[in-house]
Every structure is written in C-alpha cells, then in structure tokens.
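Results of the structural survey
The residues making up each chain are set out below.
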Amino acid sequence: MSKDRTPIILDGDPGHDDAIAWVLAFAWPELEILGVSTVSGNAPIARTTRNMLQIMTLLGVRDIPLAQGAQRPIVGEMFTAASVHGDSGLDGPKLPEPKVGLCGLGAIELMAKLLGESAKPVMLVPIGPLTNIAGLLLAYPELKAKIAGVSMMGGGLLMGNWTPAAEFNILVDPEAAAIVFESGLPITMAGLDVTEKAYLRPDDFGRVRAVGGKVATIVADWLEYFYQFHKKLGYSGAPLHDAVAIVALIQPEILTIREVYVQVETQGEYCRGATVGDFFGRAGRTPNVKAIMDVDRAAFVDLIVEAVAKYRGGGERNA
Ligand code: BDR
Ligand code: CA
C-alpha cells in the first residue's frame, strides 16, 4: 500500500448518485477507504443499508467494515426522496443479493474506531444527511484532531431543490448540518451550485454502457433511471450530485472553488435548511467552507467513464 493514499470514510444514503459516487471512489486506488456507513435519507435506514450491501457486493468489496447509521434526524421528522430514487432508494436494475454483512458497530462507533486507529488524519465523505457526522462530533469531540476534513455533498449557496431555499441532505437534518458547519473542520462543499452542472446526458450513458461488463451496465441503468425523474423537470441529463464530493478528492483541478463563510438556517418559515453563504463578507467571519461552484463537465464525464472501465475485469478495484 502506498503511503500517499488518502484515508477516507464514506457515509451516504444510496441513492443512485451515492451509488455512482462509491463506484468512483472504489475505482481510485489513491483513496484508502477505511469504512462505509449509511444514514437515513433517500430511503429509510433499512433500505439504504441493504443498498450499501448490494453495491459493495456488486463492486466486489470484501474486507472493508460496513456499518448502519442514524435512523432519524437529530430533531425533525424523517422524510425520504422516494419520488426521486424509488421506494427502495435505488430502484432500477436488479442488484446482486448481499454477500457481505455489517461489521457489528454502528456508524458513529465505527467512525470513532477507524479515526482512533488511523496514523494519518482521515477525510470524512458524507453524501447524505449529516446526522452521523454530527453524532460523531458530539459523542467524540476529542477525535476532531484525527479528522482531516469533510468533503460533502449538500446545500446550495444559490439555490435549493427540496424547497426554494434548501437542498435535500441539509433539509433532512439542518441541526446536524449546523453542527458540522460550525465545527471548525475544513469543509469542502459540493452543493447544488456545482452538482446541478455535473450531469451526464443520454449520449454519455451510451459511453458508460459501451464500456461493457456488469458494473458499467448497472451504472448505465442507474443513470437511465435517475434521468427519467429529472427529464420530467426539464433536465437534459442526470445530475450526479454525490460524485462531486469524490471528484474534490481525486481531481480537484476540474473544479472551481470559492472560499465562503456559510451558516445553516435551522429556523425560519421559508428557509429552514438553507446554507447561507456570505459572498460579500457582511458577517465579518473567516470563510469556513470551500464551496465548489463549477465543474468542467466534459472532464467529469470522462472521469465517470474511466472509473467504470476500471471494473471491466470484475472484482474490487481498491481494497
Ligand atoms: C442529494 O439528495 C439526494 O437525493 C442525492 O443522493 C444527493 O445526495 C441531492 O440533493
Ligand atoms: Ca445522497
């Protein structure tokens, strides 16, 4: 194992774009994936966990600890995104039955264990609601020094998607998001500002499918499924929101990043869950977020195609 690998922990609520983000992550040997955990979000926790086990089985992941996380947000009522991802959270192609199981620890305990054991600070990569990450910071404040940063998908400085002001991941658990954004940890935010531009069009799905093999075929089917929902809203492709949080780790040069002070609105009749960016320095605070604002879409598509091509021979790419 190269000593230059970046240790990371993946946390998500798969979800089509979560699944493709993990395909991307496991294709890059520069990332040392210490563990994977789930959170309620796109679907209830039992479903996102089953989806994780099926995705890991598809990718041939065997020896990485997998954990189930929070069942519900810290304060608010749980809601899901079945309208986007289907009742299972990952409707579409049939996936293999799980051949891997959970490690026996909950997500927070697993993260704490992995952080404690790691010689190097670890990057946390949450691509669902931030409930587990906030829980970790509350339960183990002493482990903050072992966290290199947070590369996350969530929020939007210029727009929302679930409400005019709020993006889904943040709206599900705004209190958790506020804890993370106020933690002082370095945060790289792949919000809707960039992720709405990180889409694959039907001709791009064709490139993915043409790679051939099990993983490429399923990724192309996920893209088709995800696109059907977005097409009705006028999109010309399937936005792979969550994959941008991985791109920030493996190919940041294709991204445009702006440093901003961001606060999460936890109250408000219209704006609960909004990520409020202080673009003009009105709050007089030091930026706490590297907000990704743009992506070279052509390079992004190439990266996804390159990632699925790495699975052509079958089996795990990045143990
Ligand atoms: C986010 O919400 C979920 O539906 C997606 O998986 C992504 O993490 C986009 O708003
Ligand atoms: Ca997600």
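Small disclaimer: the values here were computed from a predicted structure and weren't measured.

**Some remarks on the environment of G76**
For G76, the position within the fold is in the loop between β3 (66–67) and α3 (82–85). On the accessibility criterion, G76 (17% relative accessible area) is buried. A C-alpha to C-alpha distance of 7.5 Å links G76 and V172, two positions 96 residues apart in sequence.

**A word on the sheet that holds strand β9 (residues 255–260)**
As a general point, the strands of a sheet are linked pairwise by backbone hydrogen bonds and lie either parallel or antiparallel. Pairing within the open sheet is mixed, and its eight strands lie in the order β3-β2-β1-β4-β5-β6-β12-β9. Here the strands that pair on one side only, and so sit at the sheet edges, are β3 and β9. In this structure, strand β1 (residues 6–12) lies alongside strand β4 (residues 122–126), joined through four bridges in parallel fashion. Across the sheet, I8 pairs through a bridge with M123, a residue of β4.

**Quick notes on the pattern of salt bridges**
Applying the stated criterion to the full structure yields eight salt bridges. Linking R272 and E175 is a salt bridge whose minimum nitrogen-to-oxygen distance equals 2.8 Å. Of the two residues, R272 sits in the loop between β10 (262–264) and β11 (275–277) while E175 sits in helix α7 (residues 174–181), which places them 97 residues apart along the sequence. Using a relative accessible area of 24% as the deciding quantity, one classes R272 as partly exposed. Look at E175 and you get buried, because its relative accessible area is 17%.

**Details of the site of ligand 1**
The immediate surroundings of ligand 1 are formed by D17, D18, N42, H85, I127, M153, N161, E167, F168, N169, H241 and D242. In the environment of ligand 1, an oxygen atom lies 2.6 Å from a nitrogen or oxygen atom belonging to the side chain of N42. At a separation of 2.5 Å, an oxygen atom of ligand 1 approaches a polar side-chain atom of E167. Summarising the interface, the protein chains cover 96% of the accessible area of ligand 1, which totals 280 Å² for the free molecule. When atoms are counted within 2 Å of each cavity's grid points, the one that captures over half of ligand 1 is the largest pocket. At the level of secondary structure, the elements contributing two or more residues to the shell around ligand 1 comprise α1 (16–27) and α6 (168–172). Looking at the shell around ligand 1, its residues break down into three nonpolar, five polar and four charged.

**Observations concerning the coordination of the calcium ion (ligand 2)**
Here the calcium ion (ligand 2) is held by D13 (OD), D18 (OD), D18 (OD), I127 (O) and D242 (OD), and the distances to it run 2.3 to 2.6 Å. One chain supplies every donor to the calcium ion (ligand 2), and in sequence these donors are spaced D-x4-D-x108-I-x114-D. Here D18, found in helix α1, pairs with D242, found in the loop between β8 (238–239) and α11 (243–250); they are 224 residues apart in sequence, far enough to count as distant. The class of D18 is buried, set by a relative accessible area of 0%. Residue classification places D242 among the buried positions, given a relative accessible area of 2%.

About the thresholds
- Residues numbered from 1 in each chain as written.
- Chains lettered and ligands numbered in written order.
- Predicted model: local features only at pLDDT ≥ 70, side-chain atom pairs only at ≥ 80, totals over all residues.
- Heavy atoms only, no water.
- Helix = DSSP H or I, 4+ residues; strand = E, 2+ residues; numbered from the N terminus.
- Buried < 20%, exposed > 50% of the residue type's maximum accessible area, 1.4 Å probe, protein only.
- Pairing = 2+ DSSP bridges.
- Salt bridge = Lys/Arg side-chain N within 4 Å of Asp/Glu carboxyl O.
- Near = heavy atom within 4 Å.
- Polar contact = N/O pair within 3.5 Å; in protein donor to acceptor, adjacent residues only side chain to side chain.
- Areas by Shrake-Rupley, 256 points an atom, 1.4 Å probe, with all protein chains shown as cover.
- 1 Å grid on protein atoms, 1.4 Å probe; cavity = no way out; pocket = protein on both sides within 12 Å on 5 of 7 lines; lining within 4 Å.
- Sits in = over half its atoms within 2 Å of the grid points.
- Nonpolar A, V, L, I, M, F, W, Y, C, P; charged D, E, K, R; others polar.
- Donors = N, O, S within 2.8 Å, 3.2 Å for Na, K, Ca; no water.

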